[in-house]
Amino acid sequence: MSGILEIRSGTKLTMAFDVPMGQEPEFTYVCTFSKALDESAFLISIPMKEGKPLPLDENRKLLIRYGKGENTMILAGYADDIVKEGLRRYWKIRRVTEQRQFFKRKDERLKVALGIKYIQDTWPVNYDGIIEKEEGMSLDISAGGLALYLNRHFEVGEICEVTLPNIGTAAEGQGREVVSVVCWNREAPKGSLYRNICGLQFRYADESEREHVQTYIAYVKKKYRL
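For the structure given in this document, a descriptive report is provided here. No experiment lies behind these values; they were computed from the predicted model shown.

### A look at the environment of N185
When you line up the elements, N185 lands in strand 13 (residues 177–187). Separated by 37 residues in sequence, N185 and L148 place their C-alpha atoms 9.5 Å apart. Side-chain polar atoms of N185 contact the side chain of H153, separated by 2.9 Å.

Dropping the structure here:
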């Protein structure tokens, strides 16, 4: 796991049962975040729908949604216990290493293979005192983020910096470094040149950073006639 969840106590959540990739889950249950227990577990109030509590089922994978707009995030986990604190009862949720976004993207996603470099400032330095970047390949990219083939395994929630490559000599195609957060991570298909695929969401310091990347993505689309 990537650390204890930083969600405020009392935050309203919506919940759904997991569905196959490509289908939209129905977030019809409501609950409240109570507190994190450790890096792998947290408490929520018993989910309700139309005033009725949901029976606990340890075998069904749950999706718990929080945040708004582009910051909407989905936690995946299983309810493995009912915890009583005072007069209140809570579900103990055991997290799994997955985090997905189901909001409709406003940024067009391009299917294109670009050589992407990535780095974390926590990696060890080499003999020259430099942290060396590793190389991957994009599966798709938008101004909101990208899917990346890579050989390293990242945990959901980890932060890294990606370097977008130069495309030609035009100013619009000049590569940029973008801070990103890992949203999901899974093994690459058999036969791939890389071991894993991860989803990265770009985190911008201000709107001008987003605009620069949007210009870059538009140039990639034009350059490769996508």
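### Description of unusual backbone geometry
Phi angles above zero are rare outside glycine, and E50 is one such case at about 55°. Phi at R225 is positive, roughly 55°, even though this residue is not glycine. In this structure R225 comes out as exposed when scored by relative accessible area, which is 79%.

### What about the pattern of salt bridges?
Here the structure, examined in full by the defined rule, presents eight salt bridges. One salt bridge connects R94 with D80, and the closest N-O pair in it is separated by 3.7 Å. One end of the pair, R94, is in strand 8 (residues 88–100); the other, D80, is in strand 7 (residues 73–85), and 14 residues separate them in sequence. Its relative accessible area of 38% is what places R94 among the partly exposed residues. Assessed through its relative accessible area of 26%, D80 is described here as partly exposed.

### Considerations on the sheet that holds strand 9 (residues 115–119)
One closed barrel accounts for six strands, arranged 9-10-11-14-13-12; its pairing is antiparallel. Geometrically, the sheet is characterised by an average inter-axis angle of 45° between neighbouring strands, direction not taken into account. Bridging between strand 9 and strand 10 (residues 134–142) involves four bridges; their strand directions are antiparallel. Each residue of the ladder has a partner; that of G115, found in strand 10, is M137.

### Some remarks on the side chain of N196
Checked against the element boundaries, N196 lands in strand 14 (residues 196–202). Take N196: its relative accessible area is 9%, and that puts it in the buried class. Polar contacts involving the side chain of N196 include one to the main-chain carbonyl oxygen of R152, which spans 3.3 Å. What N196 contacts, discounting residues up to four positions off in sequence, is L148, Y149, L150, N151, R152, H153, N185, R186, E187 and A188.

### Digging into a negative patch on the surface
A cluster of acidic residues, D206, E207, E209 and E211, forms a negative patch on the protein surface. Assignment of secondary structure puts E211 in helix 1 (residues 207–223). Taking the relative accessible area as the measure of exposure, E211 reaches 43% and is therefore partly exposed.

Reading the values: the criteria
Residues numbered from 1 in each chain as written. Predicted model: local features only at pLDDT ≥ 70, side-chain atom pairs only at ≥ 80, totals over all residues. Heavy atoms only, no water. Helix = DSSP H or I, 4+ residues; strand = E, 2+ residues; numbered from the N terminus. Polar contact = N/O pair within 3.5 Å; in protein donor to acceptor, adjacent residues only side chain to side chain. Buried < 20%, exposed > 50% of the residue type's maximum accessible area, 1.4 Å probe, protein only. Salt bridge = Lys/Arg side-chain N within 4 Å of Asp/Glu carboxyl O. Pairing = 2+ DSSP bridges. Axes fitted to C-alpha atoms, helices over the stretch in contact; angles between N-to-C directions. Contact = heavy atoms within 4.5 Å. Patch = residues over 30% accessible without salt bridge, like charges linked within 9 Å, V, L, I, M, F, W, Y side chains within 5 Å. Areas by Shrake-Rupley, 256 points an atom, 1.4 Å probe, with all protein chains shown as cover. Lys, Arg positive; Asp, Glu negative; His and termini not counted. Charge placed at Lys NZ, Arg CZ, Asp CG, Glu CD.

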